[in-house]
Amino acid sequence: MAEAVVSFLVERVGDFIIQEGRSLSGVRDQVERAHTDLLFIKGFLKDADAKRRDSEAIRIFVAKIRDAAYDMEDVIEAFVLKVDSKRKGGIKNVLKRLGCFFIKGVRRHKIGSEIGVITITISDLKQNLQTYGIKEIRDSSTSLQLCEGQQLLRRTYTHVIDRNVVGVEDSVHELVGHLVKEEHHHRVVSIIGMGGSGKTTIAKQVYHHKEVTDHFDCLAWVCISQQYQVRDVLERIYVKLLCPTKEERDEIAKLKDDEIPGRLSRLQNEKKCLIVLDDIWKRETWDFLKAAFECHEDSKSRILLTTRNEQVASHADENGFHYRPPPLTKSESWKLFEKIAMSGRKAGIDAEVYTKMEELGKEMVQHCRGLPLAVIVLAGLLARKNTINDWVNIKENVGVYISRGFRRQEEEHAYASWVLALSYDDLPYHLKPCFLYLGHFPEDHEIRMKSLTRLWIAEGFISLTKQRQSLGETMEDVAYNCLNELVERCVIQVGERSSTFENIKTCRMHDLLRDLCLRKAEEENFLQVVKGSHINEAMHPVSSSSSMVTYVSPTGKIRRLAVYLDENDDKLVPSLGERGGHLRSLLYFGPDDNYWFPKRKELIPSMFKDFKLLRALMIEGMDDGEVKIELPREIGNMVHLRFVSLRNSNIKSFPPFLGNLICLQTLDFRVTGGYMFIPNVICKMNKLRHLYLPSSYRARGKLQLSTLGDLQTLNSVSSRYCDLNDLAKLGNLRKLRIRLSSSQSKNLEKILDAAGCVLNGIRSPRLDNDVGKESGAKVSQIVARCGQIYKLTLIGPTLELPKEFHSYSNLTKLFLCRCALKDDQMVVLEKLPNLKCLYLWGNVFEENTKVFVFSAGSFPRLQFLTLAYLEGITEWRAEEGAMPCLCKLYIKDCSRLSSVPDGLRHLTTLKELKTQYMPKLFCSKLEEGGEDFHKVQHIPSLIIQHPID
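Residues numbered from 1 in each chain as written. Predicted model: local features only at pLDDT ≥ 70, side-chain atom pairs only at ≥ 80, totals over all residues. Heavy atoms only, no water.

### Some details on the overall build of the chain
Here's step 1: Within the chain, the secondary structure is distributed over 32 helices and 29 strands.
Here's step 2: A buried classification covers 53% of the 949 residues belonging to the chain.
Here's step 3: Pairs at least 24 apart in sequence give 68% of the contacts found in the chain among residues at least 6 apart.
Here's step 4: Split by element, the accessible area of the chain, about 42,400 Å² in all, is 48% carbon and sulfur. (Helix = DSSP H or I, 4+ residues; strand = E, 2+ residues; numbered from the N terminus. Buried < 20%, exposed > 50% of the residue type's maximum accessible area, 1.4 Å probe, protein only. Contact = heavy atoms within 4.5 Å. Areas by Shrake-Rupley, 256 points an atom, 1.4 Å probe, with all protein chains shown as cover.)

### Considering the pattern of salt bridges
Here's step 1: Enumeration over the complete set of coordinates arrives at 37 salt bridges.
Here's step 2: Close ionic contact of E523 with K520 constitutes a salt bridge, the shortest N to O distance being 3.9 Å. With a gap of 3 residues between them, E523 and K520 both fall in helix α26 (residues 511–523), about one helical turn apart.
Here's step 3: Judged by its relative accessible area of 39%, E523 is partly exposed. (Salt bridge = Lys/Arg side-chain N within 4 Å of Asp/Glu carboxyl O.)

### Quick look at the nonpolar core
Here's step 1: In terms of nonpolar packing, the biggest core is built from 114 residues, with F654, F805, L829 and M883 touching the most fellow members.
Here's step 2: In this view, F654 contacts L667, F669, M676, F677, I678, P679, V681, I682, M685 and L693; residues no more than four positions away in its chain are not counted.
Here's step 3: I76, L436, V487 and C490 belong to the second largest nonpolar core, which has 109 residues in total. (Core = buried A, V, L, I, M, F, W, Y, C linked by side-chain atoms within 4.5 Å.)

### Section: the sheet that holds strand β4 (residues 302–307)
Here's step 1: Strand order in the open sheet formed by 5 strands is β2-β3-β4-β1-β5, with parallel pairing between adjacent strands. Lying at the two open borders of the sheet, with one neighbouring strand each, are β2 (218–223) and β5 (321–323). Recorded for the sheet is a direction-independent mean angle of 15° between the axes of neighbouring strands.
Here's step 2: Both strand β1 (residues 188–192) and β4 contribute to a ladder of 5 bridges, which runs parallel. Bridge pairing in β4 places I191 opposite T306.
Here's step 3: With respect to the sheet, helix α8 (residues 169–180) is in contact with β1, β3 (273–280), β4 and β5, its orientation differing from that of β5 by roughly 170°. (Pairing = 2+ DSSP bridges. Axes fitted to C-alpha atoms, helices over the stretch in contact; angles between N-to-C directions.)

### Here's the deal with the side chain of E485
Here's step 1: Position of E485 relative to the elements: it lies in helix α25 (residues 475–488).
Here's step 2: Excluding residues within four positions of it along the chain, E485 makes contact with P428 and L431.

### Re the sheet that holds strand β8 (residues 506–508)
Here's step 1: Reading across from one edge, β6-β8-β7 is the order of the 3 strands in this open sheet, with antiparallel pairing throughout. If you trace the sheet from one side to the other, it starts and ends with β6 (447–448) and β7 (493–494), each paired once.
Here's step 2: Looking at chain direction, β7 and β8 are connected through 2 bridges and run antiparallel. Across the sheet, the residue bridging to V494 is C507, located in β8.

### Let's talk about the pairing of strand β26 (residues 875–878)
Here's step 1: Alternating residues of β26 divide into W876 and A878, all buried, and E875 and R877, none buried.
Here's step 2: As paired strands, strand β24 (residues 851–854) and β26 are joined by 4 bridges and run parallel to one another. Note on β26: the bridge partner recorded for F854 is A878.

### Here we look at the side chain of K935
Here's step 1: By the secondary structure assignment, K935 is in helix α32 (residues 933–936).
Here's step 2: Under the relative-accessibility criterion, K935 is labelled buried at 9%.
Here's step 3: Among all residues touching K935, those that are not within four sequence positions of it are S899, V900, P901, D902, L904 and R905.

### A short note on the environment of F864
Here's step 1: Considering the arrangement of structural elements, one finds F864 in strand β25 (residues 864–868).
Here's step 2: For the pair F864 and E912, spaced 48 residues apart in the sequence, the C-alpha separation amounts to 9.8 Å.
Here's step 3: Residue contacts for F864: discarding those within four places in its chain leaves S499, K836, C837, L838, L886 and K888.

### Looking at the packing of aromatic side chains
Here's step 1: Summed over all chains, the structure comprises 20 aromatic pairs.
Here's step 2: An angle of 80° between the planes, with centres 5.7 Å apart, marks the rings of Y437 and F461 as edge-to-face. With Y437 in helix α22 (residues 432–437) and F461 in the loop between α23 (449–459) and α24 (466–470), this pair connects stretches of sequence that are 24 residues apart. An identical accessibility class is assigned to Y437 and F461; each is buried.
Here's step 3: A ring pair is formed by F854 and F859, whose centres lie 5.0 Å apart and whose planes are at 55°; its orientation type is tilted. Of the two residues, F854 and F859, both sit in the buried class.
Here's step 4: Ring pairing ties together the aromatic residues F845, F852, F854, F859 and W876, which thus form one cluster.
Here's step 5: Lying across the ring of Y675, R698 places its NZ or CZ 4.4 Å from the centre. (Phe/Tyr/Trp six-rings, centres within 6.5 Å; stacked < 30°, edge-to-face > 60°. Lys NZ or Arg CZ within 6 Å of the ring centre and 35° of its normal.)

### Section: helix α9 (residues 199–207)
Here's step 1: For α9, a buried count of 7 out of 9 residues is recorded, marking the element as mostly surrounded by other parts of the structure.
Here's step 2: For α9, the complete set of buried residues consists of K199, T200, I202, A203, K204, V206 and Y207.
Here's step 3: Where the residues of α9 are buried, they touch α8, β1, α10 (210–215), β2, β3 and β4.

In structure tokens, the structure reads:
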């Protein structure tokens, strides 16, 4: 929706006016006038969005408004950057600055003139609103009229029984149990899931289940949806529960609004009532209704609600039972598909044709990924196709056909076009660009949370209010909250969570929601996605197809570009010409997320010359193992860049011109290719928030880092090539990797004392000791200053941990590798009160250590334990009472370990034991009939991989 994009841009322009008022000297009046006009226009865009579907003229008009808003932000930012750059520089630059004063004055005047032109354009667009018959939408009643059709499509009725129900038996059984059984005391039972996941279908099956109808005295079903009247909802519930006569109905209709909640509440205390609230979208909805559901603690009445928003369920009852319908299995998907698409065919067609259709159907239904609505849409389409050729043609582009099915406006699928789109429409405007940005990432891609949220920040999608700042929140915190809200709204799915705090590490999109995302991005000219092999063709207006993943809008400038490359591509960047001059994001993805390399083995500098407004550049995994990449100098001219990631790419050098990128917030230079020389230019990037340097590098003298006051992540700082005194200036540092080398400071203790406050704020330190045992004490000194850590990684000789280490109450994750700890240090480790994850790799203890002993009561909170490459360990003992919370145990390549400890048989919490590259004798003992089988037979998942002789 253009309204969302323009709303976001209006806020950005407003932020510029507030934050950069001084820099806007000379053009502030123009900027404020344009901002006022955009605010005015924004009120009309809901109507324009609704009408542009039927009017090419309005569609073009809306595109012009959107582009003008983008252009205004671009030119203001360029102006501010020019002004600020002139203010910087000391006495040494005075003569140089005076010498080019006239040229800079001309440039500033030119940018000021551009602001004037855009201001006039916006003003003209404002004047033309009435020409197109576009009206301002302010009140909810008008919005209700616009949404009326959607509401009719979404309304559910209990008497309409779904004909196509498959694979819900287990879900229904579980939910019925939580509603009727005495041992369950949930006041509210919630069904949570994305659009089309079968929430309402399951709720209907529960509602009509015999155990439910026998158990409850009265039942009521009401569909809430996005537009509702509180009085109407509560009155309908009351009527359905009472089953009143006509006279009683008339009496109810005369009740005052504040009388109905009390009557409903009393009725639920007197009788066993089941009330189904289908399709609640917002927490506020529950707040408006909840007075009617206040009951005594011993009330037998229950609420069953369905929602796409996890926050709604938690808000209604944080102690309630929250259920997420699982996706259909392959067999269930096929059974549902067969019921719709194959019904009646067997008797009417040749057996060979039927068999072929069956084969094609089983292959196609896999594309639905277990989403019931997708299976229904696909099966409904194929039910009307009677030839093998028809089925083959659909199979060739099955993803597109499923998508088209969701956009059908006829027959029983008329509602499907709204099912997923409503989730997007319901997003607040600040979340809509965050959602659309997900369209950059390929199908089935595991999206790293940190990369995604930092890209959002680089694009300016995330704002930090003074209130949030005063509460200690960072932009990263706000961005993570946005990601979490998208998860709670069921528009994206969680991939992997951290093993300690359950924070989201990766996320992904269901194929159909990704298709929705790309279609919305296409409508808004927000994003363009191209396959590298079609990189030139994709620059011209074409229609979407499955063979060429290209989404192009024929109007407007290209703002963001995602390029999917394969091994045959010979270009990295398309020639975008005028349409590419305003590109903000350029993200590359290699084939199947593997390492890749362009056919021509080089980046072509001329291709980067036009991208002067680029904010985000991601070229990861570009490595063929041989040829090193030389970064083109043109990247140094992209002074608007906020995010640059070259992670896992084989880069030749760290060029000095990167120092020109003074707006950089994230620089991920964890490149491959061995040692690299780093010039002393990082100090110029004083807006850096996250800096990842290569694991091994050199420098001439010491790299200056003290200017990076906003830095939160520093990976890695070498004691040989960096001045550790600079750490005292990095007050926002939270994640730190230090590599101790032979030339580390002799005054380390004094340095650490000076940086004490900073180190105490570190949450995740990693220390690499490249020197040897003589520096083990240095490692311990640093760890002793980091008293608030949640995660700790120690690699290399440490010998002894700090005396107070056992009391590190925040420490939940610990990785130890080649630490050569003394034997008595196990006593220190096992007392860590909240340690959840422990990884022991290599010679963690001294070489003469042969036996591990985990005493009774040790590691009280440990859930995940990994033992790997412990070559000297021959025996491991775990006394009864050790590791009482252990869930997963992983043992890898501990070649001399003879058996698992007897104490494992007492661990009822242990759900998985996995071994890799362990001796065959060790593995055979674990198998059924083996002498250690009695220790592990209670473990549900026993995985033995790659036994060795």
